[in-house]
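Chain by chain, the residues:
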Amino acid sequence: MIITPQIQGCVARNCHPIGCRAAVQQQIASVRAAGPFNGPKRVLVLGASSGFGLASRIALTFGAGADTIGISFERGPSDKGLGSAGWYNNIWFRQAAEQAGRIAINLIGDAFSDTMRQQAIETIRQQLGQVDLVIYSLASGIRVLADGTQVRSVLKTTGQPFSGWGLDLERDALVQQSLAPATPEEIRDTVTVMGGEDWQLWLQALQQADCLAPGAQTVAYSYIGPESTYPLYRDGTIGYAKEHLHATAETINLQLAQIGGHAWVSVCKALVTKASAYIPVLPVYLGLLMGVMKERGVHEGCIEQMQRLFAGKMYGPNGVVADGNRLIRMDDHELDPAIQAAVSALWPKVTPDNFHALGDFAGLRRDFMQLNGFELTGVDYGAPVDVASLTELIP
Ligand code: NAD
Ligand code: NA
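Residues numbered from 1 in each chain as written. Chains lettered and ligands numbered in written order. Predicted model: local features only at pLDDT ≥ 70, side-chain atom pairs only at ≥ 80, totals over all residues. Heavy atoms only, no water.

Caption draft 1: A look at the overall build of the protein chain. Assigned secondary structure in the protein chain consists of 13 helices and 13 strands. Expected size for 395 residues packed as a compact globule is a radius of gyration near 21 Å; at 20 Å, the protein chain falls within 12% of this value. In terms of overall dimensions, the protein chain has a C-alpha envelope of 60 × 50 × 45 Å along the principal axes. Within the protein chain, buried positions represent 56% of all 395 residues. Taking as baseline every contact in the protein chain between residues at least 6 positions apart, the subset at least 24 positions apart corresponds to 76%. For the protein chain, the computed accessible surface area is about 16400 Å², with 52% contributed by carbon and sulfur atoms. (Helix = DSSP H or I, 4+ residues; strand = E, 2+ residues; numbered from the N terminus. Rg over C-alpha atoms; globule rule 2.2 N^0.38 Å. Buried < 20%, exposed > 50% of the residue type's maximum accessible area, 1.4 Å probe, protein only. Contact = heavy atoms within 4.5 Å. Areas by Shrake-Rupley, 256 points an atom, 1.4 Å probe, with all protein chains shown as cover.)

Caption draft 2: Just a positive patch on the surface, in detail. A surface patch of positive charge is lined by Arg13, Arg75, Lys80 and Lys274. Assignment of secondary structure puts Arg75 in the loop between β4 (67-72) and α3 (85-99). (Patch = residues over 30% accessible without salt bridge, like charges linked within 9 Å, V, L, I, M, F, W, Y side chains within 5 Å. Salt bridge = Lys/Arg side-chain N within 4 Å of Asp/Glu carboxyl O. Lys, Arg positive; Asp, Glu negative; His and termini not counted. Charge placed at Lys NZ, Arg CZ, Asp CG, Glu CD.)

Caption draft 3: Broad picture of the site of ligand 1. Around ligand 1, the structure places 30 residues, and the nearest of them are Ser49, Ser50, Ala111, Leu271 and Thr273. One nitrogen or oxygen atom from the main chain of Tyr221 is found 3.4 Å from an oxygen atom belonging to ligand 1. Contact distances for ligand 1 include 2.6 Å between an oxygen atom and a side-chain N or O atom of Thr273. Look at ligand 1: alone it shows 850 Å² of surface, and the protein chains cover 93% of it. Of all the elements in the fold, those that place two or more residues in the shell around ligand 1 are α2 (51-64) and β11 (212-222). Looking at the shell around ligand 1 residue by residue, the classes come out as 14 nonpolar, 11 polar and five charged. (Near = heavy atom within 4 Å. Polar contact = N/O pair within 3.5 Å; in protein donor to acceptor, adjacent residues only side chain to side chain. Nonpolar A, V, L, I, M, F, W, Y, C, P; charged D, E, K, R; others polar.)

Caption draft 4: Region of the structure containing α3. Look at α3: 21 Å from first C-alpha to last across 15 residues, which is about the 21 Å you get at 1.5 Å a residue. Summarising burial for α3: 12 of the 15 residues are buried, a large majority. What α3 keeps buried is the set Ala85, Gly86, Trp87, Tyr88, Asn89, Asn90, Ile91, Trp92, Phe93, Arg94, Ala96 and Ala97. Where α3 is buried, its residues touch α1 (17-34), α2, β4, β5 (104-108), α12 (361-371) and α13 (387-392). Following α3 by one or two positions, Gly101 has its phi on the positive side, about 85°. (Expected span 1.5 Å × (residues − 1).)

Caption draft 5: Focus on the coordination of the sodium ion (ligand 2). The coordination sphere of the sodium ion (ligand 2) contains the protein donors Gly47 (O), Ser50 (O), Gly53 (N) and Ser137 (OG), at a distance range of 2.6 to 3.0 Å. Written as a sequence motif, the donor residues of the sodium ion (ligand 2) are G-x2-S-x2-G-x83-S. Overall, the relative accessible area of 11% leaves Gly47 in the buried class. Residue classification places Ser50 among the partly exposed residues on the basis of a relative accessible area of 29%. (Donors = N, O, S within 2.8 Å, 3.2 Å for Na, K, Ca; no water.)

Caption draft 6: Spatial organisation of the environment of Cys10. Secondary-structure assignment places Cys10 in the loop between β1 (7-8) and β2 (11-12). A relative accessible area of 15% places Cys10 in the buried class. Separated by 161 residues in the primary sequence, Cys10 and Arg171 have C-alpha atoms spaced 9.7 Å apart. Ignoring anything within four residues of it in the chain, the contact list for Cys10 reads Leu167, Leu169, Ala277 and Phe368.

Caption draft 7: Main features of the side chain of Gln130. For Gln130, the position within the fold is in the loop between α4 (114-128) and β6 (131-136). By relative accessible area, which is 18% here, Gln130 ends up buried. Of the polar contacts made by the side chain of Gln130, one reaches the backbone oxygen of Leu212; its length is 3.3 Å. With near-sequence residues (within four places) excluded, Gln130 lies in contact with Arg42, Ile124, Asp210, Cys211, Leu212, Ala213 and Pro214.

Caption draft 8: Seen up close, the packing of α1 against helix α9 (residues 302-314). In contact at an axis separation of 10 Å, α1 and α9 are set at 35° when each is read in the N-to-C sense. When you trace α1 past α9, the crossing you get is right-handed. Side by side, α1 and α9 meet where Gln27, Ser30, Val31 and Ala34 of the first sit next to Ile303, Glu304 and Gln307 of the second. Of the residues contributing to the contact of α1 with α9, the split by class is three nonpolar, three polar and one charged. (Axes fitted to C-alpha atoms, helices over the stretch in contact; angles between N-to-C directions. Left-handed = near helix turned anticlockwise from the far one by under 90°.)

Caption draft 9: Local environment of the UniProt feature "domain: Enoyl reductase FAD binding" (unreviewed entry) in the protein chain. Here, UniProt's "domain: Enoyl reductase FAD binding" (unreviewed entry) annotation points to residues 323-385. For the annotated span residues 323-385, helix accounts for 40% and strand for 5% of the residues, and the straight-line distance between the end C-alpha atoms is 49 Å. (UniProt positions renumbered as here; feature names shortened; annotations may be inferred.)

Caption draft 10: View of the pairing of β11. Taken across its 11 residues, β11 has nine buried, putting it largely inside the fold. Across five bridges, the pairing between β6 and β11 is parallel. Pairing of Tyr136 across the sheet is with Ala220, part of β11. Of the strand pairs in this sheet, β11 and strand β12 (residues 262-267) are connected by six bridges, and their pairing is parallel. Bridge assignment links Tyr221 to a residue of β12, and that residue is Ser266. (Pairing = 2+ DSSP bridges.)

Now the structure itself:
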């Protein structure tokens, strides 16, 4: 079978499993090139199959020799298709980690459920004893609560409606997009799905089960962004959820004091991932930002961000480098005033005819395709993919 990309709006409907392997291998090579660092040896990653979670896992295993348990919600092969990119990322990561002599276990299922918490606790006890670090990197549109209630997050603004050019990845074109103001219920629900409550439940359960090593740390990923994007993000429903996440870091930190541990939030830079491509209007900011940051030689992808986080700002010579609010600022380069001034000068000039000339929308598009295993160098996309052998692979 020859696989060609199927993109619908800003969502990829398929993936190229062999290309996903090349993407994982590229991230591993980048971590190896950056050199080893002294990091945690036993790590639990929630949201391990793509984006920041996968990059974290790769950085820690191949940079610091960590054994990992990764939790994710992914689809395997079925009569509906070959399965999701994250499904294959898990498989290729595990194979490479095992080849390097590391433990890598993938748990597939709903990380919001108590069943998964129990499964993780049992797996930690059997395979790792305890963990030194818990990474919280879930991005989801839905959370099923313990009583079965389904809560959905929305991507809306608050106050006034906001509209602007958005990116249609399917047609490589700009389209008008708008964000309506959220109702109080929509804000509350988005906080329930993407805020800190579930993070806290995880750390409580792990601590009660004696699965956290003395001095264990936890980090969750967040975004703040520049003022120009506040209506899209910080003052939007997702921004409220992130505020809740930041506040929860304080609560968890108090709880971890019992074992000498700490909770942090890493405020990351804006990057192309499955989750961020879906936020209205934001990808236009992202394309402009990528152009400016590449021009100035400070561009980072997911893997470079995560390598710098662990090697430089969490487990480097200065220990954890955070501000007074427990925030580790990985958005330092993005928020550099010179970079933001350059982006802000370009943004009002963007039209459907000139956007490719003003920003790095080709780079953004390539990154998006590569998340799904397409457009990687060294992969022969004309060669048929052996579906039967892929179907036999287990995470
Ligand atoms: P992503 O979509 O690439 O990854 C999300 C992960 O969560 C996947 O591994 C997925 O399988 C897992 N997941 C989702 N629902 C699940 C469930 N119910 N059970 C188990 N696993 C589940 O997204 P990402 O961009 O890497 O986002 C991760 C975190 O980083 C989010 O908190 C996001 O807000 C934050 N962040 C992203 C950006 C960005 O620009 N992409 C910037 C800063 C912070
Ligand atoms: Na992730």
